[in-house]
Each structure stands twice: as structure tokens, then as C-alpha cells.
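What the coordinates show
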Amino acid sequence: MDNTIEHIKTLIIGSGPAGYTAAIYAARADMKPVVYTGMEPGGQLTTTTEVDNFPGYPEGVDGPSMMVQLQQQAERFGTEVRIGMATEVQFATEAGGIHKVVIDGSKQLTANTVIIATGASAKYLGIPSEQRLRGGGVSACAVCDGFFYKGQEVAIVGGGDTAAEEASYLANICSKVTMLVRKGEMRASKAMQHRVESIENIDIRYNTEVDEVLGDQVVEGLRMVNNQTGEKEEIAITGLFIAIGHKPNTDIFKGQLEMDEVGYIQTKGKSTKTTIPGVFACGDAQDKEYRQAVTAAGTGCMAALDAERYLATLEG
Ligand code: NDP
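All residue numbers refer to position in the chain's written sequence, counted from 1. Thresholds applied to this predicted model are a pLDDT of at least 70 for local features of residues and 80 or more for the giving and counting of side-chain atom pairs; totals over whole chains, interfaces and linings are not thresholded and use all residues. In computing side-chain values, all of the structure's heavy atoms are included and hydrogens and water are not.

1. What to know about the domain arrangement of the chain
These domain boundaries are the output of an automatic or database domain assignment. Here the domain parsing of the chain yields domain 1 (5-121 + 246-315) and domain 2 (124-242). Measuring from the centre of the C-alpha atoms in domain 1 to the corresponding centre in domain 2 gives 32 Å. Between domain 1 and domain 2, the contact holds seven residues from the first and six residues from the second. Note on terms: buried area is the combined drop in 1.4 Å-probe accessible area of two parts once they are placed together, counting the loss on both. When domain 1 packs against domain 2, close to 570 Å² is buried across both sides, 48% of that on carbon and sulfur atoms. Take a side-chain nitrogen of Lys or Arg and a carboxyl oxygen of Asp or Glu: if they are within 4 Å of each other, that pair is a salt bridge. Across the contact surface, domain 1 and domain 2 share zero salt bridges. N or O atoms within 3.5 Å of each other form a polar contact, as long as, within protein, one can give a hydrogen and the other can take it, and as long as residues adjacent in sequence are counted only when both atoms are side-chain atoms. At the boundary of domain 1 with domain 2, the tally comes to zero residue pairs in polar contact (both at pLDDT 80 or more). Just so you know the grouping, Ala, Val, Leu, Ile, Met, Phe, Trp, Tyr, Cys and Pro go in nonpolar, Asp, Glu, Lys and Arg go in charged, and all remaining residues, Gly too, go in polar. Residues that form the side of domain 1 that touches domain 2 fall into these classes: no nonpolar, four polar and three charged. Every residue pair with non-hydrogen atoms within 4.5 Å of one another is taken to be in contact.

2. A few points about the site of the ligand
One heavy atom within 4 Å of a molecule or strand makes the whole residue count as near it. Taken together, the neighbourhood of the ligand is formed by 15 residues, with Gly159, Asp161, Thr162, Arg182 and Arg187 sitting nearest. Within the side chain of Arg182, one N or O atom sits 2.9 Å away from an oxygen atom of the ligand. With the chains in place, 74% of the 920 Å² that the ligand exposes on its own is no longer accessible. In this text, helices come from DSSP runs of H or I with a minimum length of four residues, and strands from runs of E with a minimum of two, each type numbered from the N-terminal end. Residue contributions to the shell around the ligand peak at three residues, all from helix α5 (residues 161-173). Across the shell around the ligand, the residue classes break down as four nonpolar, five polar and six charged. Values of accessible area rely on a 1.4 Å probe in the Shrake-Rupley scheme; residue burial ignores everything except the protein chains shown.

3. Some thoughts on the pairing of strand β8 (residues 107-116)
Each residue is placed in one exposure class: buried if its accessible area under a 1.4 Å probe, protein chains only, is under 20% of its type's maximum, exposed if it is over 50%, and partly exposed if it falls in between. Counting buried positions over the ten residues of β8 gives seven, a clear majority of the element. Bridging between strand β1 (residues 5-13) and β8 involves eight bridges; their strand directions are parallel. When the sheet's bridge partners are listed, Thr10 is paired in β8 with Thr113. Whether two strands pair comes down to DSSP finding at least two bridges between them. Summarising the sheet, β8 and strand β19 (residues 279-281) pair through three bridges and their orientation is parallel. By the bridge assignment, Val114 is partnered in β19 with Val279.

4. Remarks on the pattern of salt bridges
Per the counting criterion, the structure on display carries 15 salt bridges. Notably, a salt bridge pairs Lys107 with Glu6, separated by 3.0 Å at the nearest N-O pair. Of this pair, Lys107 sits in strand β8 while Glu6 sits in strand β1; the two residues are 101 residues apart in sequence, bridging distant segments of the chain. Glu6 sits in the partly exposed class, given a relative accessible area of 24%.

5. Brief notes about the packing of α5 against helix α6 (residues 190-198)
Two numbers describe how α5 lies on α6: the axes approach to 9 Å, and their chain directions differ by 30°. As the angle between them shows, α5 and α6 are arranged roughly parallel. In this structure, α5 meets α6 at a crossing whose hand is left-handed. On α6, the residues touching Asp161, Ala164, Glu165, Ala167 and Ser168 of α5 are Met192, Arg195 and Val196. In the contact of α5 with α6, the residues fall into four nonpolar, one polar and three charged. Note on geometry: axes are lines fitted to C-alpha atoms, helical ones only across the stretch in contact, with angles between N-to-C directions running from 0 to 180 degrees. Note that the term roughly parallel is reserved for angles under 35 degrees, roughly antiparallel for angles over 145, roughly perpendicular for angles of 65 to 115, and oblique for everything else. In this scheme, a crossing is called left-handed if the near helix is turned counterclockwise away from the far one by less than a right angle; it is called right-handed if the turn is clockwise.

6. Things to note about the state of the cysteines
When two cysteine sulfur atoms are found within 2.5 Å, that pair is recorded as a disulfide. Per the counting criterion, the structure on display carries one disulfide. Disulfide pairing is shown between Cys141 and Cys144; the S-S distance is 2.0 Å. Linking Cys141 and Cys144, the disulfide has an S-S dihedral of approximately 75° and is accordingly described as right-handed. This cysteine, Cys174, is not joined by any disulfide, and Cys141 carries the nearest cysteine sulfur, 13 Å off. In this structure Cys282 is a free cysteine whose sulfur lies 9.9 Å from that of Cys301, the closest cysteine sulfur available. For Cys282, a relative accessible area of 0% translates into the label buried.

7. Overview of the packing of helix α1 (residues 17-28) against helix α2 (residues 63-76)
Where α1 contacts α2, the axes come no closer than 8 Å and their chain directions differ by 20°. With respect to their mutual orientation, α1 and α2 come out roughly parallel. Relative to α2, α1 is oriented so that their crossing is left-handed. Residues Pro17, Tyr20, Thr21, Ala23, Ile24 and Ala27 of α1 lie in contact with α2, whose contacting residues are Met67, Leu70, Gln71, Gln73 and Ala74. Broken down by class, the residue content of the contact of α1 with α2 amounts to eight nonpolar, three polar and no charged.

Pasting the structure below:
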């Protein structure tokens, strides 16, 4: 452990749309923000191709380019962006207390205020063919990527509300959607189940799992297996959507911040305030409902404004 301790006024953990938007606002308010990027600089958008639903880009923008632009915008106002991962935190519980954060297991920081923008990660099945074809037709976001499969046949894995919602979204765009549900029933709400069951071009396969995603460079098909009978079947598809849940990247805050049972950080009312004074949470780390780049950016702005007011009350 490096024994020198660096003090930072506003520490932002995470570099997706929430983190960078918080940084833009914090830098402009002279809060001297330092962003630590985390393991995936730029966040989840760097793993998507075209982003067509972020306002202000009439022709769309590819995810990695958009994140570089957000970083440049934050830097233009004086944000310092550093590569590194917060590995340990010790939050002060009283207002005005100094928070301690360790980066990469060795660098010690103290901060007046901390904005958590660590995001969430989509869960994947973890089978090799799926991992190999990520970005080549395997996606975890129908709203982001569904459009590219207009008029084509696709499949979606999952039986929760997200899978049901995304299946009906895809059914509007694609010619056919095969939905793989691993149990004999869906976990989704009854209303969502009825909705997907009533859509003609959704073919629901219960007790069915992915055996292998087919294709060399891009998805060309899917081999499914019925987990009751062991029977296998191949279908031709060009896109495979994985909708088996997300995991918020909040493990290091466990025991210090209030979270729901899955690990989403609880914020107070319509604010980004956590249960610790001076610690704010924005983006997907605290939002399991919307999870869009634009909503993450919106809450990033809110976190910076909340942090600014918090610092002002200490100084005033
Ligand atoms: P959930 O955890 O609710 O559902 C995950 C689904 O994926 C389950 O059907 C689960 O199957 C399945 N699954 C998990 N792992 C695998 C695997 N390895 N292989 C195959 N299938 C797998 O996640 P969601 O993202 O759907 O929802 C998260 C939360 O957000 C929920 O509380 C949901 O209600 C909420 N939500 C609400 C919406 C709304 O109200 N409009 C919209 C979207 C989400 P199994 O059931 O067998 O475990």
C-alpha cells in the first residue's frame, strides 16, 4: 500500500454517461472533479455499436465515439480523468466527514464528496459461442440494437419482465422472435406474459436453453435444447438478445450504503442522496427501471447538483 494520501474535493467513480455528465457539471461548478474510470472506461456503451436514441445525434453515433466525446467535454472544463478502479471504500457517517477510497488496492484517496457512477453489467450466459459473437449479433440490449435486425428473425433468452418487454419491442421490428424460457413458466408479471403470448410473431419455447450460438463472424443460427427431453433443434437467426438480468457494480459499497436485495443503491426520494451524507449515486448503479444512457446522464447531472449543494452547506 502506497502511504501517501491524496485529497480530492469531488471524486467520481465510474466513466459511463452518468459519471461524465456528473463531471461536466461538477467541473463547471469549480468542484475540481477527478474521475476514476473503472475497469471498462466509457462503460457499457463502449460495447454497443450504433447509438441511435441519444438526443442530439440525428445520424446516430457509435458508442465508443460518444464516450470519447463525453470524456473530452468533461476534460474541457478541467475534469481529471484517471484510469483506475476503486477497490475499497470507507465512508464517514457524519455530515462533513472525510471519505476514504482505495484505488487499485494501493493508492489512498480522501474526498469531501463522492459520486458513485459505477453502472451495472448485463449478465450473459457465459458459453464460448455467445462470448465470441458479442458485437457480432449477440446483444444484451434490444432497445439499443433491435433496429439493426429490422425484418429479420431473432431470438431472445430470458423469462423476466425485461425479456418479455424486449420480446414485444423486437416483435414490432423483426419478422419473428423466438423466446427461450428455461423454466416451464415465466417470471415476468402476468400482464407481460399475456402480452407476449398474444403477439403472433413471438414463438415462446418453455424449458428451453441455448446449446450453442451458430456462426463464425456473425450470428447465423441457434441450437436450442429442451432441458426436459434433451431434444435439440436448430433455427436460423441473425440476432440473439440476452435478457437474463443485470448486476449493479456495487459490491464494494455493501454494508456501507443501503441497497435493495440485488445490490441497486437506494437513493432518497427524487434525489441522488444515499444513506451517507456527501455520497451520491447516479446511473445504473441505482436504477433498475430505465437503464438508458440518457437517463443515466440525467441522474449524473442531478448527482453533481446534489453534491454542489452539499459542499455549499458545509462551506456556508
Ligand atoms: P429477472 O431477474 O426478473 O429475470 C431474469 C430472467 O432470466 C428469469 O426468467 C430467469 O429465469 C432468466 N435467467 C437467468 N439466468 C439465466 C440463464 N443462465 N439462462 C437462461 N435464463 C436465465 O431480470 P429482469 O431483467 O427481467 O428484471 C429485473 C427487475 O426489473 C425485475 O424486478 C423486474 O420486474 C423489473 N422490471 C420491470 C419492468 C416493468 O415493470 N416494466 C421492465 C423490466 C424489468 P428463472 O426465472 O428460471 O430464474
